Amino acid sequence: MGKTTGVVGAEKRKSCIPPSSVVDSRGRTVTLADYHSHPWSPSPMSVFDFQNRTQVWLIRIQFDVACTVMKYVPHKNTPRPGEVYLRRERRWRLVGLLESERDKELGIVTPVEGDT
């Protein structure tokens, strides 16, 4: 009898936790970016990934085993919209915006149409 396969993690909520502090004897450190992978596909960024309360860095890069690479620039505490990018054909393509402070708080992404 054949083996049944399914998408690993498709229904699972991610539980990645970034470090809250880093101690380095060479001096003070600052968290500027989150760069991590997930061992399943598809693994798009979730609403929790976009919420202001989870932003402790200036940029987030996430990728999965299918080589889907996403970037989120939250622009936290500024009037600029949050920007969501997808890496395609050696370029970052803008695919979504978190247009208002409310959207940033709730993690609501408005899709962007066209090639930007």
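Throughout this description, residue numbers start from 1 for each chain and increase along the sequence as written. pLDDT decides what is reported in this predicted model: residues at 70 or higher carry local features, side-chain atom pairs at 80 or more are listed and counted, and totals for whole chains, interfaces and linings draw on all residues regardless. Side-chain numbers here rest on the full set of heavy atoms in the structure, without hydrogens or water.

Moving on, we get to the pattern of salt bridges. A carboxyl oxygen of Asp or Glu within 4 Å of a side-chain nitrogen of Lys or Arg is what we treat as a salt bridge. Scanning the entire structure with this criterion turns up five salt bridges. Two residues, Asp34 and Arg60, come together in a salt bridge whose shortest N-O distance is 3.2 Å. A residue pair is termed long-range when its members are at least 10 positions apart, and Asp34 in strand E1 (residues 33-38) and Arg60 in strand E2 (residues 59-64) qualify at 26 residues. Working definition: with a 1.4 Å probe on protein chains only, accessible area under 20% of the residue-type maximum means buried, over 50% means exposed, and in between means partly exposed. For Asp34, a relative accessible area of 12% gives the class buried. To qualify as a helix, a DSSP run of H or I must reach at least 4 residues; to qualify as a strand, a run of E must reach at least 2; elements of each kind are numbered from the N terminus.

It is worth spelling out the pairing of E1 at this point. Burial along E1 is one-sided: Asp34, His36 and His38 are buried, while Ala33, Tyr35 and Ser37, pointing the other way, are not. Whether two strands pair depends on DSSP finding at least two bridges between them. Where E1 and E2 come together, six bridges link them in parallel fashion. Considered in E2, the bridge of Ser37 is made with Phe63.

Burial analysis of strand E4 (residues 82-88) places five of its seven residues in the buried class, the great majority of the element. Pairing geometry for strand E3 (residues 69-73) and E4, over four bridges, is antiparallel. The residue of E4 that forms the bridge with Tyr72 is Val84. Two strands pair when backbone bridges link them, and E4 and strand E5 (residues 91-98) are joined in this way by seven bridges, in the antiparallel orientation. Following the sheet pairing, Glu83 is matched in E5 by Leu97. What sits between the antiparallel neighbours E4 and E5 is a turn of two residues, in which Glu89 has the positive phi angle 50°.

In this structure, the amide linkage connecting Ser41 to the following residue, Pro42, adopts the cis form with an omega of 0°. Relative to the helices and strands, Pro42 resides in the loop between E1 and helix H1 (47-50). Positive phi, close to 45°, is recorded for His75, a residue that is not glycine. Secondary-structure assignment places His75 in the loop between E3 and E4. With relative accessibility at 15%, the residue His75 sits in the buried group. If you check the backbone angles, Glu89 has positive phi at about 50° while not being a glycine. Relative to the assigned elements, Glu89 resides in the loop between E4 and E5.

Reading across from one edge, E1-E2-E3-E4-E5-E6 is the order of the six strands in this open sheet, with mixed pairing throughout. In this open sheet, the two edge strands, each paired with only one partner strand, are E1 and strand E6 (110-111).

The quantities given are spatial measurements derived from coordinates; they are silent on function.
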